Amino acid sequence: MIQPIDLESRTTGDDHLSLRVWLRLLACANLVEGRARTRLRANFETTLPRFDLMAQLERSPAGLRMNEISRRMMVPGGNVTRIVDQLVDEGLVARDPSPGDRRSFTVCLTATGRKAFAAMASRHETWIIEMFGALNRKERLQLYALLAKLKSHVAQITPEPQE
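Participant: Would you mind going over helix H5 (residues 111-131) with me for this structure?
Facilitator: For H5, which comprises 21 residues, the first-to-last C-alpha distance of 30 Å matches the rise-based estimate of 30 Å (1.5 Å per residue) to within 8%. Among all positions of H5, only Gly 113, Phe 117, Met 120, His 124 and Trp 127 are buried. All buried residues of H5 fall inside an arc of 85 degrees around its axis, so they share one side. With respect to the buried face of H5, the exposed residues turned more than 90 degrees away are Ala 111, Lys 115, Glu 125 and Ile 129. On its buried side, H5 packs onto helix H1 (17-44), helix H2 (48-58) and strand E3 (101-109).

Participant: For this particular structure, what's the right way to read the layout of surface pockets?
Facilitator: A water-sized probe, rolled over the atoms, reveals where empty space remains. Volume-wise, the largest pocket comes out at about 1,400 Å³. Cys 28, Ala 29, Val 32, Glu 33 and Phe 132 are the residues nearest the centre of the largest pocket, which is lined by 37 residues in total. Taken together, the elements giving at least two residues each to the lining of the largest pocket come down to H1, H2, helix H3 (66-73), helix H4 (77-89), H5 and helix H6 (137-156). When residues of the lining of the largest pocket are assigned to their parent elements, the largest contribution, eleven residues, is made by H1. In terms of residue class, the lining of the largest pocket is built from 24 nonpolar, four polar and nine charged. Taken as a whole, the second largest pocket holds about 220 Å³ of empty space. Lining the second largest pocket, in full, are Leu 25, Tyr 144, Leu 147, Leu 150 and Lys 151. With four residues, H6 is the largest single contributor of residues to the lining of the second largest pocket. By residue class, the composition of the lining of the second largest pocket is four nonpolar, no polar and one charged.

Conventions we followed
- Residues numbered from 1 in each chain as written.
- Predicted model: local features only at pLDDT ≥ 70, side-chain atom pairs only at ≥ 80, totals over all residues.
- Heavy atoms only, no water.
- Helix = DSSP H or I, 4+ residues; strand = E, 2+ residues; numbered from the N terminus.
- Expected span 1.5 Å × (residues − 1).
- Buried < 20%, exposed > 50% of the residue type's maximum accessible area, 1.4 Å probe, protein only.
- Arc of directions from axis to C-beta.
- Contact = heavy atoms within 4.5 Å.
- 1 Å grid on protein atoms, 1.4 Å probe; cavity = no way out; pocket = protein on both sides within 12 Å on 5 of 7 lines; lining within 4 Å.
- Points joined across faces, edges and corners; volume = space filled by probe spheres on them.
- Nonpolar A, V, L, I, M, F, W, Y, C, P; charged D, E, K, R; others polar.

Take a look at the structure:
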């Protein structure tokens, strides 16, 4: 059986450990995301962006404005509009004019959308737990803490100015 080539296999012992760690982290994130994408499509005939959008709405029962969804998902507004249009057509979300601003809309899950998302979220959680199954609780807590430390440090680094 041919072993898949992953990003960190392109590094050598001469490469800085930080580079190797970053590539290993990226490879793991890509593997987990790819498995989740495949399973969402196979089990629910949906995409990860649709799942992510519904997850944002599930966390905000009063609904969210389109620009807030875009900000939270870190994707352009046009992508959010396309996904919302699809979900509205399927009866999974509703789009209502925002009070006091005729130009913006608030999007929220419908009852059908809440039920569909609950089923997806339950399975998705099971898949993620399975994928992290090689790590015991202590190791998961350590990884979580280390990633929080890394995230905090990177967030404090001033971005390079654009040329």
